[in-house]
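# Analysis of the macromolecular model
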Amino acid sequence: MNVFLKADLKKLGFCAALFAVLYVLLEMEIIGAFWELNLVLIIINIILATSLNMINGYTGQFSIGHAGFFAVGAYMGAIMTVKLGYDMPVALIAGTLSAGLLGFLVGLPTLRLNGDYLAIATLGLGEIIRICILNIEYVGGASGLMGIPRLTTFPLAFWIMIAILFFIKNFKNSAYGRACLAIRENEIAADTMGIDTTCYKVMAFTLGASFAGTAGVLFSHYFFIAHPASFTFMRSFDILTMVVLGGLGSMTGSITGAIVLTFISAALSDFPEWRMLIYSIAMIVLMLYRPQGLFGDKELSLAMIKRFKKGGNKS
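Presented here is an overview of the structure given in this document. Not measured: the values here are computed from a predicted model.

## Concerning the pattern of salt bridges
- Scanning all chains against the criterion turns up three salt bridges.
- Ionic pairing is found between glutamate 185 and arginine 184, a salt bridge with its closest N-O pair at 2.9 Å.
- The class for glutamate 185 is exposed, based on a relative accessible area of 55%.
- A salt bridge links glutamate 187 to lysine 201; its shortest N-O distance comes to 3.0 Å.

Below, the structure written as C-alpha cells:
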C-alpha cells in the first residue's frame, strides 16, 4: 500500500511541476492566446479520450456515440449558468450527473448487445441527442446556446483533468476495474466465473459518460457557445481515433493520442486542405505497422523506458 501511495505522490508532484511551468509560461505570455486555447482543448480531449477508454479499452465494448454525452454536459452546464444563474461548480455537477444518468439509462438496454450492434446503437444515440438539441428552442435550436460566460480557466480544467485521471487509474486497479478487464478478455469466461457482466459494463459506461459530461461543461464555458455542430458523429470518431492511436486499454496511450492529434490539428490549421490528408495517411501507416496503437494496452513507465533503452543498446 505504501508503494502505491509513494507512486501516486510522485505522479502528483510531477503534475504540480508541469502545471507550474505551464502556468508561468501562460502568465508571461510566452504561450500565446492561440496555443493557450489549444492547451485547454488538449485537456478537454484528454478527458474525453480517457473516459471513452474506460468503455472501449477497459471493458472491450465498441461505443461511437461519446459526443452525445459530451453535448449533454455542455448544454446542461450552460443551462445552469446562463438560464438559471448558478455558479460553475453547480454547472459541473449538473453536467456530470445528467450525462451519467443518461449513460446509465441507455446502457441498461444497449449493453446487452456486443460488437457492431452496440456500435450502431450508440451511434444512433449520439445522433438522437443532437437532433433533439436542434429542435429545442429553449437551448437555441440550430443556432446554438450563446452568451455562455467563460468560467473555464486553465487551472480549473487542468486540476479537474488530474482528478479524473487519478480516479480512472484507481478504478482500473480496483476489483471493479479487474472485473471490467476480465470482461474485455473473455466475456463468456467472466460470466462463468460469476461476474455480473451487464452490471460492470453499465458501470463503466455510466462513468465514461459522466466524465464526457464534465468535459462538455468545460468546453461550453471556454468557447462561449454550445452548438449542435460541435457534437456530430465526426466528433465521436475523433475521440475514438485518439483512443485507438494511443492503444485500447492504455490510459497513457489515450493521453498521448489526445495530445498528438490535437497538436497536429492546431499546427495544420493554416493548411486545411492538407490537414485531413496528413491525418488520414498517419492513421493508415499506424494501422499497418502498429495496429495495437502506440502503447497497446500497456502504460508508460520508467521500467518500460529502461527496457526500451536496453533493447536499443543490444541492437
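Moving on from the model shown.
## With respect to the environment of arginine 112
- Topologically, arginine 112 is positioned in the loop between helix H4 (88-110) and helix H5 (115-134).
- Residue arginine 112 is classed as exposed on the basis of its relative accessible area, which comes to 61%.
- Arginine 112 sits 36 residues away from isoleucine 148 along the chain, and the two C-alpha atoms are 38 Å apart.

## Here's the deal with the environment of valine 106
- Looking at where valine 106 falls in the secondary structure, it is placed in helix H4.
- Using a relative accessible area of 15% as the deciding quantity, one classes valine 106 as buried.
- C-alpha of valine 106 to C-alpha of isoleucine 131: the two residues are 25 residues apart in sequence and 17 Å apart in space.

## Concerning unusual backbone geometry
- The phi angle at glutamate 29 is positive, at roughly 60°, despite the residue not being glycine.
- Mapped onto the secondary structure, glutamate 29 falls in the loop between helix H1 (2-27) and helix H2 (33-58).
- Although it is not a glycine, phenylalanine 224 sits at a positive phi angle of roughly 70°.
- Relative to the elements of secondary structure, phenylalanine 224 occurs in the loop between helix H9 (197-220) and helix H10 (233-246).
- A residue is classified by how much of its surface remains accessible, and phenylalanine 224, at 41% relative accessible area, is partly exposed.

## Some thoughts on the packing of helix H6 (residues 154-173) against H9
- H9 packs onto H6 with a crossing angle of 175° between their chain directions and a minimal axis gap of 11 Å. On the basis of their axis angle, the class for H6 and H9 is roughly antiparallel. Residues Leu156, Ala157, Ile160, Ile164, Phe167, Ile168 and Phe171 of H6 touch H9, and the partners they reach there are Met203, Leu207, Phe211, Thr214 and Leu218.
- When grouped by side-chain class, the residues that make up the contact of H6 with H9 number eleven nonpolar, one polar and no charged.

## Points about H2
- Compared with an ideal rise of 1.5 Å per residue, which puts 26 residues at 38 Å, H2 spans 36 Å between its outermost C-alpha atoms and is within 8% of the ideal.
- A bend of about 30° at leucine 52 is the largest found in H2.
- When you tally the buried positions in H2, you get 21 out of 26 residues, the bulk of the element.
- Directly beyond the C-terminal end of H2, a positive phi value near 80° is found at glycine 60.

Parameters at a glance
Residues numbered from 1 in each chain as written. Predicted model: local features only at pLDDT ≥ 70, side-chain atom pairs only at ≥ 80, totals over all residues. Heavy atoms only, no water. Salt bridge = Lys/Arg side-chain N within 4 Å of Asp/Glu carboxyl O. Buried < 20%, exposed > 50% of the residue type's maximum accessible area, 1.4 Å probe, protein only. Helix = DSSP H or I, 4+ residues; strand = E, 2+ residues; numbered from the N terminus. Axes fitted to C-alpha atoms, helices over the stretch in contact; angles between N-to-C directions. Parallel < 35°, antiparallel > 145°, perpendicular 65-115°, else oblique. Contact = heavy atoms within 4.5 Å. Nonpolar A, V, L, I, M, F, W, Y, C, P; charged D, E, K, R; others polar. Expected span 1.5 Å × (residues − 1). Bend = angle between axes of the 7 residues up to and from the residue.

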